[in-house]
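Read off the chains here:
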Amino acid sequence: MSTDDRAAVTTGIAALHASPGRAGPGRLGLVTNHTGVLPDLRPAAAALLEAGARLVALFGPEHGLYGTGQAGESEAARTDPDTGLPVHDTYRCSGERLDKLLIDSGVDALVYDLQDIGARFYTYVWTMCDLMVSAARTGVRFVVADRPNPLGGLVSEGPLLEEAWAGFVGRAPIPVRHGLTCGELARHLNATAVPRVAGDAVDLTVIEAVGWRRALHAEDTGLPWVAPSPNIPTPVTAAVYPGTCLFEGTNLSEGRGTTQPFEIVGAPYIDARLAPALTELALPGVHFRDLRYVPTFHKHAGRPLRGVQLHLTDREAFAPVRTAVAMLATLRRLYPDDFAWHTVDGGAEGSGHRHFIDLLWGSDRLRRAVDAGDDPSALCDPPAPPARWAGDDALLYA
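Residues numbered from 1 in each chain as written. Predicted model: local features only at pLDDT ≥ 70, side-chain atom pairs only at ≥ 80, totals over all residues. Heavy atoms only, no water.

Engineer: Pulling in residues and values, what's your account of the state of the cysteines?
Structural biologist: Within this structure, the stated rule accounts for zero disulfides. Cysteine cysteine 93 remains unbridged, with the sulfur of cysteine 129 as its closest cysteine sulfur at 14 Å. Cysteine 245 forms no disulfide, and the closest cysteine sulfur to it belongs to cysteine 380, at a distance of 15 Å. With relative accessibility at 0%, the residue cysteine 245 sits in the buried group. (Disulfide = S-S within 2.5 Å. Buried < 20%, exposed > 50% of the residue type's maximum accessible area, 1.4 Å probe, protein only.)

What follows is the structure in structure tokens.
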């Protein structure tokens, strides 16, 4: 799509800035980070204050309010120097602790404005879910200032999470690639997961992203791209992430510590066989290039690795989850003595420790199929419209 053909999307936070009363009366808390900007890149918190919003507190997710924390980290800031507002860290905070945090903050409503990337294991939506539960229990209203799903919203992909495998990379039964905006997902969760945990739904308002259509990817919206977290630098990274994030559950590097995280995977034991073997699979919308790299941090830091880079050739045809599943099966077949799964706490495989791949996939079915030499593609239904799993009532956009 050319620049002239790009849509002019107005985000929910831009609409709220134009009309602060849409958040309702009382004291507001803003759940945000560095992605919480207006289309002209002004930080939303300062802009809302200038527009007269009664904003009294900020709440940060994983990676922190300023997005400086790596995976599994937040930040230590307690006051935002630009606005003078108190900063509350919500990462790894849930249940009664989160209820108390909301009560102590003194807010009457929470406004949620974080850029999601459309994958179940991207934790911002579970911060949203946990806050919705606590808001329901403490009588706080919840407002989602909606943003586009950068992967578009025509398809979902991958299995629903099985509740026995719920955690912070998946609280509720949704697909790996869910196909919804945060506002739509909030509507779905408010009819399902939130009342199951809180006993009732939260008082929910969604301020829609006007002009967004399900066929639009991030590059088509006319909005500036702000990297949602340190290892999602580009829209292409976001496009492959619902698949290659599964490599976090293995002993392969998923490209952290390089300039192309999640677009490349590799390990010390990979050789010249991998790229041709993946090419032979003729997976739609992607080519595989043999490459070598040295991560500067994270898995295998400082070690020369060999692997592949995913080059997307057709965004519409590319199925990230099915692609990654085929890659995992190929790796197990080519390198049976070297390929291994990671456990959640670093314990040795086979020692009874929980495997992280099971939490990412939402069950142990993928791991067991790959280890048995079965064809795991049978676990991947063809990509389908998100209404198939979420229902038409959740959807806000055509």
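After that view, the rundown keeps rolling.
Engineer: Describe in detail the packing of helix 3 (residues 95–105) against helix 4 (residues 124–138), supporting the description with residues and values.
Structural biologist: Where helix 3 meets helix 4, the closest approach of the two axes is 9 Å, and the angle between their N-to-C directions is 65 degrees. Relative to helix 4, the element helix 3 lies roughly perpendicular. Of the two elements, helix 3 crosses helix 4, and the hand of that crossing is right-handed. On helix 4, the residues touching Gly95, Glu96, Leu98, Asp99, Leu102 and Ile103 of helix 3 are Asp130, Leu131, Ser134, Ala135, Arg137 and Thr138. Residue composition of the contact of helix 3 with helix 4, by class: five nonpolar, three polar and four charged. (Axes fitted to C-alpha atoms, helices over the stretch in contact; angles between N-to-C directions. Helix = DSSP H or I, 4+ residues; strand = E, 2+ residues; numbered from the N terminus. Parallel < 35°, antiparallel > 145°, perpendicular 65-115°, else oblique. Left-handed = near helix turned anticlockwise from the far one by under 90°. Contact = heavy atoms within 4.5 Å. Nonpolar A, V, L, I, M, F, W, Y, C, P; charged D, E, K, R; others polar.)

Engineer: So, the sheet that holds strand 2 (residues 55–60): which residues are in play, and what are the values?
Structural biologist: Here six strands make up an open sheet; going across it, the order is 3-2-1-4-5-6 and the pairing parallel. In the strand order of this sheet, the two ends are held by strand 3 (87–89) and strand 6 (204–207), each with one partner. The average undirected angle you get between the axes of adjacent strands in this sheet is 25 degrees. Two strands pair when backbone bridges link them, and strand 5 (residues 141–145) and strand 6 are joined in this way by four bridges, in the parallel orientation. Residue pairing across strands places alanine 145 opposite isoleucine 207, the latter belonging to strand 6. Those strands touched by helix 4 are strand 1 (28–31), strand 4 (109–112), strand 5 and strand 6, and its axis lies near 155 degrees from that of strand 5. (Pairing = 2+ DSSP bridges.)

Engineer: Got a sec to walk through the packing of helix 7 (residues 235–244) against helix 9 (residues 320–334)? Specific residues and values, please.
Structural biologist: Running from amino to carboxyl end, helix 7 crosses helix 9 at an angle of 50 degrees, the nearest separation of the two axes being 7 Å. Considering the angle they form, helix 7 stands oblique to helix 9. Considering only the axes of helix 7 and helix 9, their crossing is right-handed. Contacts between helix 7 and helix 9 involve Ala239, Val240, Pro242, Gly243 and Thr244 on the former and, on the latter, Pro320, Val321 and Ala324. Its residues assigned to classes, the contact of helix 7 with helix 9 shows six nonpolar, two polar and no charged.

Engineer: Residues and numbers for the sheet that holds strand 9 (residues 305–312), please.
Structural biologist: In sheet architecture, strand pairing relies on hydrogen bonds along the backbone and comes in two forms, parallel and antiparallel. The sheet built from three strands is open, its strands ordered 7-9-8 with antiparallel pairing. One side of each edge strand has no neighbouring strand; the edge strands of this open sheet are strand 7 (264–267) and strand 8 (286–293). Sheet twist, expressed as the mean angle between neighbouring strand axes with direction ignored, is 25 degrees. Relative to strand 9, strand 7 is paired through four bridges, and the arrangement is antiparallel. Within strand 9, the position partnered with isoleucine 264 by the bridge is glutamine 309.

Engineer: Quick rundown of the layout of surface pockets? Include the residues and the values.
Structural biologist: Reported here for the largest pocket is a volume of approximately 800 Å³. In terms of lining, the largest pocket is formed by 32 residues, of which the most central are Ala71, Gly72, Val169, Glu248 and Phe356. Broken down by element, the lining of the largest pocket gets its largest block of residues, three residues, from helix 10 (residues 356–361). Considered class by class, the residues forming the lining of the largest pocket number 15 nonpolar, eleven polar and six charged. (1 Å grid on protein atoms, 1.4 Å probe; cavity = no way out; pocket = protein on both sides within 12 Å on 5 of 7 lines; lining within 4 Å. Points joined across faces, edges and corners; volume = space filled by probe spheres on them.)

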